[in-house]
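Here is what each chain is made of, one letter per residue.
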There are 2 protein chains.
Amino acid sequence: MRILLTVSYDGTDFCGYQVQPNGRTVEETLNDAIYKLTGEKVKSIASGRTDSGVHALSQKVHFDTNSNIPPKNFAFALNSILPSDVKVIKSEKVSGDFNARYSAKKKTYRYSFYIGAFEEPMQSRYKTLINSAPDISLMKKGAKIIEGEHDFKCFLASGSSVKDTVRTVYSIKITKKGRFIDVYVTGNGFLYNMVRIIAGALVAVGEGKLSLTELESVLSSGERTNKIKTMPAKGLTLYKVNY
Amino acid sequence: MRILLTVSYDGTDFCGYQVQPNGRTVEETLNDAIYKLTGEKVKSIASGRTDSGVHALSQKVHFDTNSNIPPKNFAFALNSILPSDVKVIKSEKVSGDFNARYSAKKKTYRYSFYIGAFEEPMQSRYKTLINSAPDISLMKKGAKIIEGEHDFKCFLASGSSVKDTVRTVYSIKITKKGRFIDVYVTGNGFLYNMVRIIAGALVAVGEGKLSLTELESVLSSGERTNKIKTMPAKGLTLYKVNY
């Protein structure tokens, strides 16, 4: 049977999701736990990889098993094996043609900021510090410019070799509660570092360092300006995957 | 001159606030940073110690220095030396008769819970899991019973040898936002583990495991029942010190 896991992790101490020769990864940690539980060396498939330091509230991972463990019990059983920084929050049976990666319709990432004078230990693990409050209404205008289908090569990490750089951003939602700002970006797929660059672009707009006209011309020209910084991994969380 | 620091720390990787022979402590980390900055071996004084694993959003610490560094600049300068899990969020000059410990009028601790089926990595560092939603109105009724001046020997950690166990709890405020519950306890002083036991008592009340009558008789008799658990250190944060 095919099992779908909803997985949450604190990416701080992982070298990203995907297995790699040197370094602790979420994928290997999950596969090891499944092996300890079932005795099966499974090839688990996630909705997508996340980079080193990026977190997940709701990553989706499927795998096939011959085990007799009731589907709902995988969560509890795997959690007794998994370390404290990666846990299964739900397990369920899905049909054999469901694929956590290819069946995904859209994904939402959240980028989180906090406003303050200095780094604060109880905030800085999952949020990026900004020193003064950006103009949220300007950020929302910037978000409207980014929404839609665009060639996002301007928001592609340098050195990346992807050919098709057209993606659709369905929506960007920005919330501010006190000194905490969250940017939720929903799309059909994202280029390497794209959400971290979108977050950097919107903050630059909100801080008045990048005008809306400049943002429009970055998108249309495909040429990023150095006014747009790639925000740190730690503020980014895979928030939701829709099927 | 006397400098007052407002200090925030993530207690996870500290063996508490107070210096001890074996183990990393917040106090020693701060004193080391002050020594590296000023060359002075200071005796810093905090509003009070916090236990192993307990966090602080706003701990207050004073020390005397002959340094010429402008008072406001200590925060920035110390933060360049301090590790990521303890930071100074404000530094200021105070008069020579101000004492971070003895001048404190009241303190507020926050105890944080989240409701869920399983431990979640992005919540569990600073919050304690409870599996089902407690009755908040019952918890608030329980809080009213605990507020006021009482002999809190029923809420003293076993093995503790304090003689005077009378304390005043000025207020207990309980908030629920979605599946997150915060209990703010303000008092003139707290016995060892007292806030963690108050949090355990209020959750037991909210879950229907401890009646309000039982809570009243625990307080009046000074005998704790095993229905009241001491909640884990990780959910506790020193939230505010008033002078």
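Note that the coordinates shown come from a computational prediction; the quantities given were computed from them, not determined experimentally.

**Notes on the relation of the copies chain A and chain B**
Thinking step 1. Once chain A has been moved 0.0 Å along the axis and rotated by 180°, it coincides with chain B to within an RMSD of 0.0 Å. Expressed as a symmetry operation, the mapping of one chain copy onto the other fits a two-fold axis. Proximity to the rotation axis, assessed at the C-alpha, singles out Arg125(A) in chain A; its C-alpha lies 5.1 Å from the axis.
Thinking step 2. Interface overlap between copies: 100% of the residues of chain A at the interface are likewise at the interface in chain B, consistent with a symmetric, same-surface contact.

**Digging into the interface of chain A and chain B**
Thinking step 1. Contacts between the two partners involve 25 residues from chain A and, on the opposite side, 25 residues from chain B.
Thinking step 2. Taken together, both faces of the contact between chain A and chain B bury some 1,800 Å²; the carbon and sulfur share is 72%.
Thinking step 3. It is Phe118(A), Pro121(A) and Met122(A) in chain A that bury the most area against chain B; as a group they hold 42% of the surface buried on that side.
Thinking step 4. There are zero salt bridges connecting chain A and chain B.
Thinking step 5. Taken together, the elements giving at least two residues each to the side of chain A that touches chain B come down to β1 (2-9), β3 (55-64), α2 (73-79) and β4 (86-94) of chain A.
Thinking step 6. If one sorts the elements of the side of chain A that touches chain B by residue count, β4(A) sits on top with four residues.

**Section: the packing of helix α3 (residues 136-146) of chain A against helix α4 (residues 194-206) of chain A**
Residues and elements named next belong to chain A.
Thinking step 1. Two elements in contact, α3 and α4, have axes whose closest approach is 8 Å; the angle formed by their N-to-C orientations is 140°. Taken together, α3 and α4 sit at an angle that is classed as oblique. The handedness of the crossing between α3 and α4 comes out as right-handed. Across from Leu138, Met139, Gly142, Ala143 and Ile146 in α3, the residues of α4 making contact are Ile198, Leu202, Val203, Val205 and Gly206.

**With respect to unusual backbone geometry**
Thinking step 1. One non-glycine residue, Asn193(A), lies in positive phi territory at about 70°.
Thinking step 2. Along the chain, the position of Asn193(A) falls in the loop between β9 (180-187) and α4.

**Focus on the pattern of salt bridges**
Pairs can form between side chains of opposite charge once their charged atoms are near each other.
Residues and elements named next belong to chain A.
Thinking step 1. Enumeration over the complete set of coordinates arrives at 22 salt bridges over all chains.
Thinking step 2. Its salt-bridge partner being Lys43, residue Glu27 comes within 3.7 Å of it at the nearest N-O pair. One end of the pair, Glu27, is in helix α1 (residues 26-38); the other, Lys43, is in the loop between α1 and β2 (45-46), and 16 residues separate them in sequence.
Thinking step 3. For Glu27, a relative accessible area of 8% puts it in the buried group.
Thinking step 4. Between Arg179 and Glu120 there is a salt bridge, and its shortest N-O distance comes to 2.7 Å. Placement of Arg179 in the loop between β8 (166-177) and β9 and of Glu120 in the loop between β5 (106-115) and β6 (128-130) is noted, with a sequence separation of 59 residues between them.
Thinking step 5. Owing to a relative accessible area of 30%, Arg179 belongs among the partly exposed residues under this scheme.

**Notes on a positive patch on the surface**
Thinking step 1. Taken together, Lys173(A), Lys177(A), Lys173(B) and Lys177(B) make up a surface patch of like positive charges.
Thinking step 2. Its place among the elements puts Lys177(B) in strand β8 (residues 166-177).
Thinking step 3. According to the relative accessible area criterion, Lys177(B) is exposed, its value standing at 65%.

**Remarks on the packing of aromatic side chains**
Thinking step 1. Here the structure, examined in full by the defined rule, presents 14 aromatic pairs over all chains.
Thinking step 2. With centroids separated by 5.7 Å and ring planes inclined at 75°, the aromatic side chains of Phe63(B) and Phe74(B) adopt a geometry described as edge-to-face. One end of the pair, Phe63(B), is in strand β3 (residues 55-64); the other, Phe74(B), is in helix α2 (residues 73-79), with 11 residues separating them in the sequence.
Thinking step 3. A residue is classified by how much of its surface remains accessible, and Phe63(B), at 0% relative accessible area, is buried.
Thinking step 4. Both rings, one in Tyr184(B) and one in Tyr239(B), keep their centres 5.0 Å apart while their planes meet at 70°; by these two values the pair is edge-to-face. Here Tyr184(B), found in strand β9 (residues 180-187), pairs with Tyr239(B), found in strand β10 (residues 236-242); they are 55 residues apart in sequence, far enough to count as distant.
Thinking step 5. Residue classification places Tyr184(B) among the buried positions, given a relative accessible area of 16%.
Thinking step 6. For the cation-ring pair, Lys106(A) lies above Tyr170(A), with the distance from its terminal atom to the ring centre recorded as 6.0 Å.
Thinking step 7. A cation sits over an aromatic face here: Lys173(A) above Tyr184(A), 5.6 Å from the ring centre.

Cut-offs and rules
Residues numbered from 1 in each chain as written. Chains lettered and ligands numbered in written order. Predicted model: local features only at pLDDT ≥ 70, side-chain atom pairs only at ≥ 80, totals over all residues. Heavy atoms only, no water. Least-squares fit on C-alpha atoms with pLDDT ≥ 70 in both. Contact = heavy atoms within 4.5 Å. Buried area = accessible area lost by both parts, 1.4 Å probe. Salt bridge = Lys/Arg side-chain N within 4 Å of Asp/Glu carboxyl O. Helix = DSSP H or I, 4+ residues; strand = E, 2+ residues; numbered from the N terminus. Axes fitted to C-alpha atoms, helices over the stretch in contact; angles between N-to-C directions. Parallel < 35°, antiparallel > 145°, perpendicular 65-115°, else oblique. Left-handed = near helix turned anticlockwise from the far one by under 90°. Buried < 20%, exposed > 50% of the residue type's maximum accessible area, 1.4 Å probe, protein only. Patch = residues over 30% accessible without salt bridge, like charges linked within 9 Å, V, L, I, M, F, W, Y side chains within 5 Å. Areas by Shrake-Rupley, 256 points an atom, 1.4 Å probe, with all protein chains shown as cover. Lys, Arg positive; Asp, Glu negative; His and termini not counted. Charge placed at Lys NZ, Arg CZ, Asp CG, Glu CD. Phe/Tyr/Trp six-rings, centres within 6.5 Å; stacked < 30°, edge-to-face > 60°. Lys NZ or Arg CZ within 6 Å of the ring centre and 35° of its normal.

It is worth stressing that arrangement in space is one thing and function is another; only the former is reported here.
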